[in-house]
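Per-entry structural report
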Amino acid sequence: MPVYTSEALILRTYKLGESDRIVVFLTRDRGKKRGVAKGARKARSKFIGTLEPMTRAGVAYYEREQRDLVRINYVETTRSPLSAATGEALGHVGYFAELIDEWAPEAHADERLFRLGASATDAIAAGAPIEPLARYFEYWILRLQGVYPSLAGCSECGVIFEKGAVMPPRHDLFVCRGCAPSGGARISVEALRFLRAAGSTAPDNLASLALQAQAGTELETVHRRLLNLHLDKELRSARVLREMRG
Ligand SMILES: [Zn+2]
């Protein structure tokens, strides 16, 4: 049985049998894996406190031939999002993990996706403001999938966006205000500025990105539409977040 030790990000767990858990985790070098953590639900388990979503950890696991499930030997936490996070940030932890889980292909390494997730954990643990982080995270995860609409100019007439942009209903692109039908979602100059800055800011530096409340709300709306359109559903965690805010 080959043994691997990988830098990883815990995405989610679910119960298996009487006392075990299945752990879904994204490794840096070998993509997304599913593994059995034996006895993880026992009171004295060595896995206690290590399996929260978005925990950065070193994971050692055995890969078994002809089996999809690996067997997890140990998980050693390197950074937990729980260490310094506020309640609001904790609400987002499951959301970020679910987004990565949706888009990470099985057993196919994606260095950029891993870095995005790992940086989000670092930012949460360091107490970064959660709303700009969430909009940055959504922007990049959509962009890494190649589905973030162009910000270069209006997709109808080509004019450069000077007064903001509009996402028409049921579309995943931006047009200028002149070309926009009624009922679209508008984003302001301020929101566009944030997106352009996000595009050239490495995840490690995302704390430097400022986002005003109004622009943040506009981006939340268009990102939710893009995510629902491309995932063909609303994520459970996204719904929970909305309900938490009432
Ligand atoms: Zn136009």
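So, here's what we can say about the structure. (Residues numbered from 1 in each chain as written. Predicted model: local features only at pLDDT ≥ 70, side-chain atom pairs only at ≥ 80, totals over all residues. Heavy atoms only, no water.)

1. Things to note about the pattern of salt bridges
Scanning the model with the defined rule gives 16 salt bridges in all. Of the charged contacts, one joins R28 and E111 as a salt bridge, the two residues approaching to 2.8 Å between their closest N and O atoms. Of the two residues, R28 is situated in the loop between β2 (20-27) and β3 (31-37) and E111 in helix α2 (residues 111-125); the sequence distance between them amounts to 83 residues. (Salt bridge = Lys/Arg side-chain N within 4 Å of Asp/Glu carboxyl O. Helix = DSSP H or I, 4+ residues; strand = E, 2+ residues; numbered from the N terminus.)

2. Examining the sheet that holds β3
In a beta sheet, neighbouring strands pair by backbone hydrogen bonds and run either parallel or antiparallel. Reading around the barrel, the five strands line up as β1-β2-β3-β5-β4 and close back on themselves, with mixed pairing between neighbours. Between one strand axis and the next, the sheet turns through 50° on average, direction left out of account. Direction of pairing for β2 relative to β3: antiparallel, over a ladder of seven bridges. Looking at β3, one finds that R21 is bridged to A37. Contacting β1 (3-16), β2 and β3, helix α1 (residues 87-103) runs over the sheet at an angle of about 110° to β1. Of the strands in this sheet, β1, β2, β4 (56-62) and β5 (69-79) touch α2, which is tilted by about 70° from β1. (Pairing = 2+ DSSP bridges. Axes fitted to C-alpha atoms, helices over the stretch in contact; angles between N-to-C directions. Contact = heavy atoms within 4.5 Å.)

3. Remarks on the coordination of the zinc ion
Angles at a metal have ideal values that depend on geometry: 109.5 degrees with four tetrahedral donors, 90 or 180 degrees with six octahedral donors. Within the protein, the atoms that donate to the zinc ion are C154 (SG), C157 (SG), C176 (SG) and C179 (SG), at distances of 2.3 Å. Taken together, the four donor atoms coordinating the zinc ion span angles of 104 to 114° at the metal, a pattern that classifies the geometry as tetrahedral. We note that the donor set of the zinc ion lies within a single chain, spaced as C-x2-C-x18-C-x2-C. Highlighted residues: C157 in the loop between α3 (130-144) and β6 (165-167) and C176 in the loop between β6 and β7 (185-187), separated in sequence by 19 residues. Owing to a relative accessible area of 12%, C176 belongs among the buried residues under this scheme. (Donors = N, O, S within 2.8 Å, 3.2 Å for Na, K, Ca; no water. Tetrahedral: all angles 85-135°; square planar, octahedral: opposite > 155°, others 65-115°. Buried < 20%, exposed > 50% of the residue type's maximum accessible area, 1.4 Å probe, protein only.)

4. Digging into the environment of F114
Tracing the sequence through the fold places F114 in helix α2. For F114, a relative accessible area of 0% corresponds to the buried category. Between the C-alpha atom of F114 and that of S237, which follows or precedes it by 123 residues, the distance is 20 Å. The contacts of F114, once residues within four sequence positions are left out, are E7, A8, L9, L26, T27 and R28.

5. A short note on the packing of α3 against helix α4 (residues 189-199)
At a closest axis distance of 10 Å, the pairing of α3 and α4 adopts a crossing angle of 65°. Here the hand of the crossing between α3 and α4 comes out right-handed. Here P132, R135, Y136, Y139, W140 and R143 of α3 come into contact with α4, specifically with F194, L195, A198 and G199. Grouping the amino acids of the contact of α3 with α4 by side-chain chemistry returns seven nonpolar, one polar and two charged. (Left-handed = near helix turned anticlockwise from the far one by under 90°. Nonpolar A, V, L, I, M, F, W, Y, C, P; charged D, E, K, R; others polar.)

Any link to function would need more than the numbers given here.
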